[in-house]
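Here are the chains, one letter per residue:
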Amino acid sequence: MSTSPASADAPTRRVQILREAARLFAARGFHGVGVDEIGAAVGISGPGLYRHFAGKDAMLAELLVGISERLLTGGRARLAAAEGPPEAVLDSLLAGHIAFALDDRALIVLHDRELDRLRPEDRRRVRRLQREYVELWVDTLRKARPATDEPTARATVHAVFGLLNSTPHQVTDGIGRAELEDLLLRLARGAFAAV
């Protein structure tokens, strides 16, 4: 079965729209950006966006639900693939979240500023996915540090997320990506070692 050019381009166009929407929403806020601007950023008319999304609200929901789903799926995959002692498994989770923090800065800013703009059911879904993601980390941390009680492990995981997710707000001029990854890994390991 052959695929028409339009349908072959649809996923790519959709990803482009979401990427630009995330960038623009993070830079100027959800209400500070119109569909015409998002369309112009990807080379289509604002009304043309409605072939891909019902509106800005749908874009925001897909961005925030989508990143929560991606983090959870990625975390589960890393746990399934990880070998070695629990510390190595924890490092695998850290590597995945550090990559997210460095590659998806706009989504972190967007989540911080705009989560409350989601419809209640989408916001509940994001929160549920986030809780599941946190629990992966809590279980892994407790395997690496068996004497750590669950509330302490959960608080520590949230603190590490705070550290890593602060990356979009940090001044990192003069620090290359590899150095920044290493620094974040060492800082997060230090936080885990403190429990």
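The structure we're discussing is the one just above.
About the thresholds
Residues numbered from 1 in each chain as written. Predicted model: local features only at pLDDT ≥ 70, side-chain atom pairs only at ≥ 80, totals over all residues. Heavy atoms only, no water. Helix = DSSP H or I, 4+ residues; strand = E, 2+ residues; numbered from the N terminus. Buried < 20%, exposed > 50% of the residue type's maximum accessible area, 1.4 Å probe, protein only. Contact = heavy atoms within 4.5 Å. Areas by Shrake-Rupley, 256 points an atom, 1.4 Å probe, with all protein chains shown as cover. Lys, Arg positive; Asp, Glu negative; His and termini not counted. Charge placed at Lys NZ, Arg CZ, Asp CG, Glu CD. Polar contact = N/O pair within 3.5 Å; in protein donor to acceptor, adjacent residues only side chain to side chain. Phe/Tyr/Trp six-rings, centres within 6.5 Å; stacked < 30°, edge-to-face > 60°. Lys NZ or Arg CZ within 6 Å of the ring centre and 35° of its normal.

A. Up close: the overall build of the chain. Along the chain, the regular secondary structure elements total eight helices and zero strands. When the elements of the chain are put in sequence order from the N terminus, they spell out α-α-α-α-α-α-α-α. A principal-axis box enclosing the C-alpha atoms of the chain has dimensions of 55 × 45 × 35 Å. Put simply, the chain has 195 residues, and 41% of those count as buried. Taking as baseline every contact in the chain between residues at least 6 positions apart, the subset at least 24 positions apart corresponds to 69%. Of the roughly 10400 Å² that the chain leaves accessible, carbon and sulfur atoms contribute 54%. Measuring between centres, the 27 positive side-chain charges of the chain sit 3 Å from its 26 negative side-chain charges.

B. Structural detail: the side chain of E114. For E114, the location among the structural elements is in helix 5 (residues 105-114). Note on E114: relative accessible area 4%, which makes it buried. Among the polar contacts made by the side chain of E114, one reaches the side chain of R117 at a distance of 2.8 Å.

C. Examining the packing of aromatic side chains more closely. Under the definition given, this model contains five aromatic pairs. The interplanar angle of 35° and the centroid separation of 6.3 Å between the aromatic rings of W137 and F192 together place this pair among those described as tilted. Separated by 55 residues along the polypeptide, W137 in helix 6 (residues 120-144) and F192 in helix 8 (residues 177-193) bring together distant segments of the chain. With relative accessibility at 2%, the residue F192 sits in the buried group. One aromatic cluster is present, built from ring pairs that chain together Y133, W137, F161 and F192. Sitting over the face of the ring of F53, R14 holds its NZ or CZ atom 4.1 Å from the ring centroid.

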